[in-house]
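# Topology and contacts: notes
One letter stands for each residue in the lines below.
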Amino acid sequence: MRRLVSLIAVPVIAAVLFTAGAARANTIDGNWCHTDGRRLSINGPQLTMPGGKRIEGDNDRRGFAYVVPAFEPDAGATITLVLIGEAQMRVISPAHPDQLWKRCG
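Our subject in this report is the structure included herewith. Predicted, not measured: the structure shown is a model, and the values here were computed from it. (Residues numbered from 1 in each chain as written. Predicted model: local features only at pLDDT ≥ 70, side-chain atom pairs only at ≥ 80, totals over all residues. Heavy atoms only, no water.)

### Some details on the environment of Pro73
What counts is decided by this rule: Working definition: helices are DSSP H or I runs of at least four residues, strands are E runs of at least two. Numbering for both runs from the N terminus.
Residue position: Pro73 is located in the loop between β6 (63-67) and β7 (78-83). In sequence terms Pro73 and Ala95 are 22 residues apart; their C-alpha atoms lie 9.9 Å from each other.

### Digging into the sheet that holds strand β1 (residues 30-33)
Rule in force here: For two strands to be treated as a pair, DSSP must find at least two bridges joining them.
Strand order in this open sheet of 9 strands is β4-β3-β2-β1-β9-β8-β7-β6-β5, and the pairing throughout is antiparallel. Only two strands of the sheet have a single neighbouring strand rather than two, namely β4 (54-56) and β5 (58-59). Two elements, β6 and β7, share 5 bridges in a ladder whose sense is antiparallel. Paired with Gly63 across the bridge in β7 is Val82.

### Examining the nonpolar core
To keep it simple, the criterion reads: Nonpolar core, defined: a set of buried Ala, Val, Leu, Ile, Met, Phe, Trp, Tyr and Cys residues in which side-chain atoms within 4.5 Å join the residues together. Each residue is assigned to one of three classes by its accessible area relative to the maximum for its type, calculated with a 1.4 Å probe on protein chains only: buried under 20%, partly exposed between the two thresholds, exposed over 50%. Every residue pair with non-hydrogen atoms within 4.5 Å of one another is taken to be in contact.
Membership of the largest hydrophobic core comes to 17 residues, with the highest contact counts inside it found for Ile42, Tyr66, Leu81 and Met89. Taken together, the elements giving at least two residues each to this core come down to β2 (39-43), β6, β7 and β8 (88-92). Ranked by the residues each element gives to this core, the list is headed by β7, at 3 residues. Beyond its immediate stretch of four places on either side in the chain, Met89 contacts Ile28, Trp32, Leu40, Ile42, Leu81, Val82, Leu83, Ile84, Gln99, Leu100 and Trp101.

### Thoughts on the side chain of Gln99
Our working rule: Identification of polar contacts relies on pairs of N or O atoms within 3.5 Å, with a donor-acceptor requirement for protein atoms, meaning one able to donate a hydrogen and the other able to accept it, and with residues adjacent in sequence counted only if both atoms are side-chain atoms.
As for its position among the elements, Gln99 is in strand β9 (residues 99-103). Judged by relative accessible area, which is 17%, Gln99 ranks as buried. Engagement of the side chain of Gln99 in a polar contact is seen with the side chain of Trp101, the distance being 3.2 Å. If we skip the residues at most four places from it in the chain, Gln99 touches His34, Arg38, Met89, Arg90 and Val91.

Here it is as structure tokens:
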């Protein structure tokens, strides 16, 4: 009986630990800083741009994409933000070289 409990307990404990780790998985949501002083914030489908304007985009936990609004340079371009690690994000823009951003402290 004790061996049966052990055989059942090991997979159950492993599943609980795996689920707990997955729940804490990284997301792109949060505050981001660039070395030149710009800051942006992502909260679900909402992006607060460095100038303070809020726009909507597509958020899939580890990435975010949006179309640059008319009031910004490069209006109409699609920008993609991709989480790379826990504290770094790459911004991919067709008009500018890729940029690395870090989580704000």
